[in-house]
Number of protein chains: 2
Amino acid sequence: MTDLRAVLASALADPGRVTDGDSERDLHASDLTFHRPQRPDAVVYPLSTAEVARVLEIADARGIPVTPFGAGSSLEGHVIPTLGGISLDLTRMNRILELDAAGLSAVVQAGVLRSALDAAAGAHGLMFPVDPGADATIGGMAATNAAGTTTIRYGKTRASVLALEAVLPGGRVIRTGTRAPKSSAGYDLTGLLVGSEGTLAVITEVTVRLHGIPEHAVALRVAFPDVGAACRTAAALVAAGSGVTRLELVDAWTVAALNAHLGSRYPEVPCLFVEAAGTRTAVEGDLELVAAVAAAEGAVEIVHERDAGARARLWEARHAVAYAVSATAPGKGHRTTDVCVPVPELPAAVAVARATLDRLDLQGGILGHAGDGNLHVSVMVDPDDAAEVARSDELVGLLVEDALARGGTCTGEHGIGAGKIAWLEREHPDLLPLYRGIKALFDPHGIMNPGKVLRAAGDGR
Amino acid sequence: MTDLRAVLASALADPGRVTDGDSERDLHASDLTFHRPQRPDAVVYPLSTAEVARVLEIADARGIPVTPFGAGSSLEGHVIPTLGGISLDLTRMNRILELDAAGLSAVVQAGVLRSALDAAAGAHGLMFPVDPGADATIGGMAATNAAGTTTIRYGKTRASVLALEAVLPGGRVIRTGTRAPKSSAGYDLTGLLVGSEGTLAVITEVTVRLHGIPEHAVALRVAFPDVGAACRTAAALVAAGSGVTRLELVDAWTVAALNAHLGSRYPEVPCLFVEAAGTRTAVEGDLELVAAVAAAEGAVEIVHERDAGARARLWEARHAVAYAVSATAPGKGHRTTDVCVPVPELPAAVAVARATLDRLDLQGGILGHAGDGNLHVSVMVDPDDAAEVARSDELVGLLVEDALARGGTCTGEHGIGAGKIAWLEREHPDLLPLYRGIKALFDPHGIMNPGKVLRAAGDGR
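So, how was this worked out
- Residues numbered from 1 in each chain as written.
- Chains lettered and ligands numbered in written order.
- Predicted model: local features only at pLDDT ≥ 70, side-chain atom pairs only at ≥ 80, totals over all residues.
- Heavy atoms only, no water.
- Salt bridge = Lys/Arg side-chain N within 4 Å of Asp/Glu carboxyl O.
- Helix = DSSP H or I, 4+ residues; strand = E, 2+ residues; numbered from the N terminus.
- Buried < 20%, exposed > 50% of the residue type's maximum accessible area, 1.4 Å probe, protein only.
- Domains from an automatic or database assignment.
- Contact = heavy atoms within 4.5 Å.
- Buried area = accessible area lost by both parts, 1.4 Å probe.
- Polar contact = N/O pair within 3.5 Å; in protein donor to acceptor, adjacent residues only side chain to side chain.
- Disulfide = S-S within 2.5 Å.
- Expected span 1.5 Å × (residues − 1).
- Axes fitted to C-alpha atoms, helices over the stretch in contact; angles between N-to-C directions.
- Parallel < 35°, antiparallel > 145°, perpendicular 65-115°, else oblique.
- Left-handed = near helix turned anticlockwise from the far one by under 90°.
- Nonpolar A, V, L, I, M, F, W, Y, C, P; charged D, E, K, R; others polar.
- Least-squares fit on C-alpha atoms with pLDDT ≥ 70 in both.
- UniProt positions renumbered as here; feature names shortened; annotations may be inferred.
- Pairing = 2+ DSSP bridges.

J.: Even after reading the chapter, I still don't get the pattern of salt bridges, so can you show me in this structure?
T.: Where charged atoms of side chains with opposite charge meet at close range, the side chains can pair. Residue and element names in this part refer to chain A. Enumeration over the complete set of coordinates arrives at 60 salt bridges over all chains. For Arg39, the salt bridge identified is with Asp26, shortest N-O distance 3.2 Å. Here Asp26 lies in helix α2 (residues 22–27) and Arg39 lies in the loop between α2 and β2 (42–44), a separation of 13 residues in the sequence. Under the relative-accessibility criterion, Arg39 is labelled partly exposed at 29%. Between Arg335 and Asp393 there is a salt bridge, and its shortest N-O distance comes to 2.6 Å. Of this pair, Arg335 sits in strand β16 (residues 333–340) while Asp393 sits in helix α14 (residues 386–405), and the two are 58 residues apart along the sequence. Overall, Arg335 belongs to the buried group, its relative accessible area being 10%.

This is the structure we're talking about:
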């Protein structure tokens, strides 16, 4: 691949930003999960949109696969260069280009971390509200339409993206959207590129919507006698139009894993982690509502975390779940699957998930963005144990079929990546010709992240 | 066109639902505005998705244009069959197929009026929140991504659409999305079809998100010494993250037109019409915030409308603006143009709009969804007075150029239709090849609403 490296090096101002060394290739071979690593042939670190364009011109002319790489925190193999080629690491394009505090927007390069954007916004009393847990890049979050604990209030990443700059295969640069809060000008290409998982174009700049930091916030940990009661409480709070910002289900197995990992002493029963935020009066109103609904569902404990430190610890615990689950089976790989159902279906979907884990003899936790009907099941899998992988495949299949039967979807937020292609085909067989047509329109030579969302050409699986 | 009528009649269960009579064709020749009428060759009233599919199969095979028609309340000529052909009137597909109160969703046929959906939802304490003013059909609102007074809180129609059934040219039926509150399964075809203005497919069913009716709501009319103060108040309320549901700017000229039309006695100065809704405590908090911000901007009067009747009258007055403006020049046509800018740019954009109206000797009102930076300028135009039409064209052009210079867009919510094609080309020249590619993917023979969003084939304007 010396030839490829040399050609790519000629496209960048500094040839040192192209490498085919083993360690760099290893670092760009996997995501955080059990998905099998695959090394790229070369790793490229562009500093500018112009450099991305030159790389895509070269790659398109030669038919070399290009897989964009941000923080590497996706969960369905999105960043694994399945067919080799170039891993396009955008993390050095990490400048906040503009922060318009009065206009509640910011323009950032794709590689800016959400923590960096949030810190810059915070200096103006503002925040970027989408919280997928991981400290992802804004470009990666746009590419995967990331969501998470605050989606119930602020929507997924798509709701926070006003405009994009992206580079098409071949190197043409396009700009979608504007800085206005809304637009009806033309087909919604911003929305189409958001969530396209790097298969249509490389997102190089993102114009995001910012929000004021609420003046007041309180977190609650509410313990329930069973997961059904926790789910019903969440459903009732959504139906009541409460302004809560987070409504997180954590089941007893997961609480136990957290206690073991963090040394905490949360009661090992199903919990909702809730946050209310807004004006002081609005928060107090929401807290009363949460207390009333939870009591009606037989909540056994309600703990308020009113100071910022205690609140932060509760959300750090929630975000530590992935590590806590991993710590239950050192050496194995983490497989988190993600389905989404109508909110009233969540209690039954959770019950099916627990029964299926038990039947398949898999150890795992169930958590959910309960206000969104979004359910995650986390298990540990040894990628070299074919039987265990097969049982985890069976788990995923049964969860997806159950979600579809309930009117839901095979993924609420983790996306398709390499891991859910067959399930996308199962869910939307009638849409596959349109998906393929859109892919061919943007990427006629099929160089963009091949083998993600859609099967790669020639992959007859 | 007897042949066309006979062929279409064979596609429907009742041949009486195809007509080429003059009166029906006249009723489907125009929208509510100054845009020049054009009659279809035939009007078809399908009752089912299967009938729509048969019509699209016939039309596609013969290259006959198809223009979907709902309430006919769009403002940029969307429903005018520019090249003749079939006006596909979906208003008889007006059944609410399912209302899942616990799941906060409903499945409706495209011709259901938003008032009908809202009434059905209201029986369960729920509402469909998007309010464009007109009593549009849900299919039309989805096709145009309608927005309006409540967008600041609930988003545009796209945010309320979970899933679609649509018929492609040729007659193939597709289903996008699911009933789950969120999904990351595949490219966002739901979002792409929403706002595609009938140029890609015919939307036949819409699965919408419903919301709880807030327990308490208060409307405010706040009078200001000048429009700048009104706009700055709106901007400050948005920045503060207030939970207000409506933030409407009405300028002095428009208040005067309302008074003349309704016999009301509102002070003829720039006003914000505001609504706060939520729990009682949240509303009181927001009202305090509005009062404080407005006072700091020199508000001269704040009137609270606390009972439901008075609140309704205030919003009826807001929605009567189009009629009030029309009443200022009987016999002329109404031209409302719509641009959107970053919220802090709104005061200057409004000032430019007023100065441009004056300079061009046009009588008109300025109103805006001030919380969204969305500005409408309404003027009366005699379609047969070429000079007046030219001056209104000049007005639109200057407003769009000004909005683009401020980082905004040529349309915040009214869409492109036939009226803004040149401005879409001005705003997004780099995206035209992708727009055309998407059009060709869905509609290879160009039968769907030709001459809207994109120029019709062979139109070399």
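J.: Would you mind going over the domain arrangement of chain A with me for this structure?
T.: For interface size, the figure often reported is the accessible area lost on association. Residues and elements named next belong to chain A. For chain A, the domain assignment lists domain 1 (2–91), domain 2 (96–212), domain 3 (216–322) and domain 4 (329–417). If you average the C-alpha positions of domain 3 and of domain 4, the two centres end up 22 Å apart. With 18 residues of domain 3 at the interface, the matching set in domain 4 holds 15 residues. In total, about 1300 Å² of surface goes out of reach between domain 3 and domain 4, with carbon and sulfur atoms giving 67% of it. Considering only the side of domain 3, the residues that lose the most area to domain 4 are Cys231, Leu249 and Trp253, jointly responsible for 37% of the buried surface there. At the surface where domain 3 touches domain 4, the tally comes to one salt bridge. One salt bridge in this structure joins Arg354 and Asp251, with 2.6 Å as the shortest N-O distance. Linking domain 3 to domain 4 there are six residue pairs in polar contact (both at pLDDT 80 or more). Taken together, the elements giving at least two residues each to the side of domain 3 that touches domain 4 come down to α8 (227–239), β13 (244–250), α9 (252–262) and α12 (321–327). In terms of residue count, α8 provides more of the side of domain 3 that touches domain 4 than any other element does, seven residues in total.

J.: It is not clear to me how the state of the cysteines should be interpreted in this structure. Could you clarify?
T.: Think of a disulfide as a covalent bridge from one cysteine sulfur atom to another cysteine sulfur atom. Residues and elements named next belong to chain A. Scanning the model with the defined rule gives zero disulfides over all chains in all. No disulfide involves Cys231; its sulfur sits 12 Å from the nearest other cysteine sulfur, which is in Cys340. Residue class for Cys231 comes out buried when judged on its relative accessible area of 1%. Among the cysteines around Cys410, which has no disulfide bond, Cys340 carries the closest sulfur, lying 11 Å off. Classification of Cys410 by relative accessible area gives buried; the value is 0%.

J.: Is there a simple way to explain α14(A) in this structure?
T.: Note that an α-helix has 3.6 residues per turn; residues three or four places apart therefore point the same way. All names here are of chain A. The end-to-end C-alpha distance of α14, which contains 20 residues, comes to 28 Å, matching closely the 28 Å that a straight helix rising 1.5 Å per residue would cover. Those residues of α14 that fall on the buried side of the exposure criterion are Glu388, Val389, Ser392, Leu395, Val396, Gly397, Leu399, Val400, Asp402, Ala403 and Leu404. Buried-residue contacts for α14 involve β16, α13 (346–359), β18 (374–381) and α15 (421–427). Where α14 terminates, the next one or two residues include Gly407, which has phi positive at roughly 85°.

J.: Before we go on, may I ask you to explain the packing of α8(A) against α13(A) in this structure?
T.: Any two packed helices are characterised by how steeply their axes cross, that is the angle between the axes, and by the distance between the axes. All names here are of chain A. Packing of α8 against α13 leaves a shortest axis separation of 8 Å and a crossing angle of 150°. Considering the angle they form, α8 stands roughly antiparallel to α13. Classified by chirality, the crossing of α13 by α8 is right-handed. Across from Val227, Gly228, Cys231 and Arg232 in α8, the residues of α13 making contact are Leu346, Pro347 and Val350. In the contact of α8 with α13, the residues fall into five nonpolar, one polar and one charged.

J.: Would you mind showing me how to read the relation of the copies chain B and chain A here?
T.: For the match of chain B to chain A, the screw axis carries a shift of 0.0 Å, the RMSD comes to 0.0 Å, and the turn is 180°. Between the two chains, the operation in question is that of a two-fold axis. It is B:Ala282 whose C-alpha, among those of chain B, lies nearest the rotation axis, at 2.1 Å. Both copies contact each other with a shared surface, as 100% of the interface residues of chain B are interface residues in chain A too.

J.: Is there a simple way to explain the UniProt feature "domain: FAD-binding PCMH-type" (unreviewed entry) in chain A in this structure?
T.: UniProt records the feature "domain: FAD-binding PCMH-type" (unreviewed entry) for residues 36–213 of chain A in the present numbering. Taken as a whole, residues 36–213 of chain A contains 22% helix and 25% strand, while its terminal C-alpha atoms sit 40 Å from one another.

J.: Explain the pairing of strand β14 (residues 271–278) of chain B to me, please; I cannot follow it from the model alone.
T.: Both faces of the sheet carry side chains from a regular strand, because those side chains alternate between them. Residues and elements named next belong to chain B. Counting buried positions along β14 gives eight out of eight residues, so the element sits mostly inside the fold. Here strand β12 (residues 216–223) runs beside β14; their pairing, made up of eight bridges, is antiparallel. Residue pairing across strands places Val218 opposite Ala276, the latter belonging to β14. Judged from the six bridges that link them, strand β13 (residues 244–250) and β14 form a sheet pairing that is antiparallel. Counted as the bridge partner of Leu247 is Val274 from β14.

J.: Is there a simple way to explain the packing of helix α13 (residues 346–359) of chain B against helix α14 (residues 386–405) of chain B in this structure?
T.: Residue and element names in this part refer to chain B. Viewed as axis vectors pointing N to C, α13 and α14 meet at an angle of 160°, and their least axial separation amounts to 10 Å. One finds that α13 runs roughly antiparallel with respect to α14. Of the two elements, α13 crosses α14, and the hand of that crossing is right-handed. Between α13 and α14, the residues in contact are Ala349, Val352, Ala353, Thr356, Leu357 and Arg359 and Glu394, Leu395, Leu398, Leu399 and Asp402, respectively. In terms of residue class, the contact of α13 with α14 is made up of seven nonpolar, one polar and three charged.

J.: Can you help me understand the interface of chain B and chain A in this one?
T.: With 74 residues of chain B at the interface, the matching set in chain A holds 74 residues. Summing both partners gives a buried area of about 5500 Å² for chain B against chain A, and 65% of it is carried by carbon and sulfur. Of all residues in chain B, B:Lys182, B:Ser184 and B:Tyr187 give up the largest surface area on contact with chain A, accounting jointly for 17% of the area buried on that side. Linking chain B with chain A are six salt bridges, by the criterion used here. The salt bridge involving A:Asp188 is made with B:Arg158; its shortest N-O contact spans 3.4 Å. For the side of chain B that touches chain A, the secondary structure elements donating two or more residues are β9 (173–177), α7 (189–193), α8 (227–239), α10 (280–296), α15 (421–427) and α16 (432–442) of chain B. Counting residues per element, the side of chain B that touches chain A draws most heavily on α16(B), which supplies eight residues. Residues belonging to the side of chain B that touches chain A are distributed by class as follows: 33 nonpolar, 27 polar and 14 charged.

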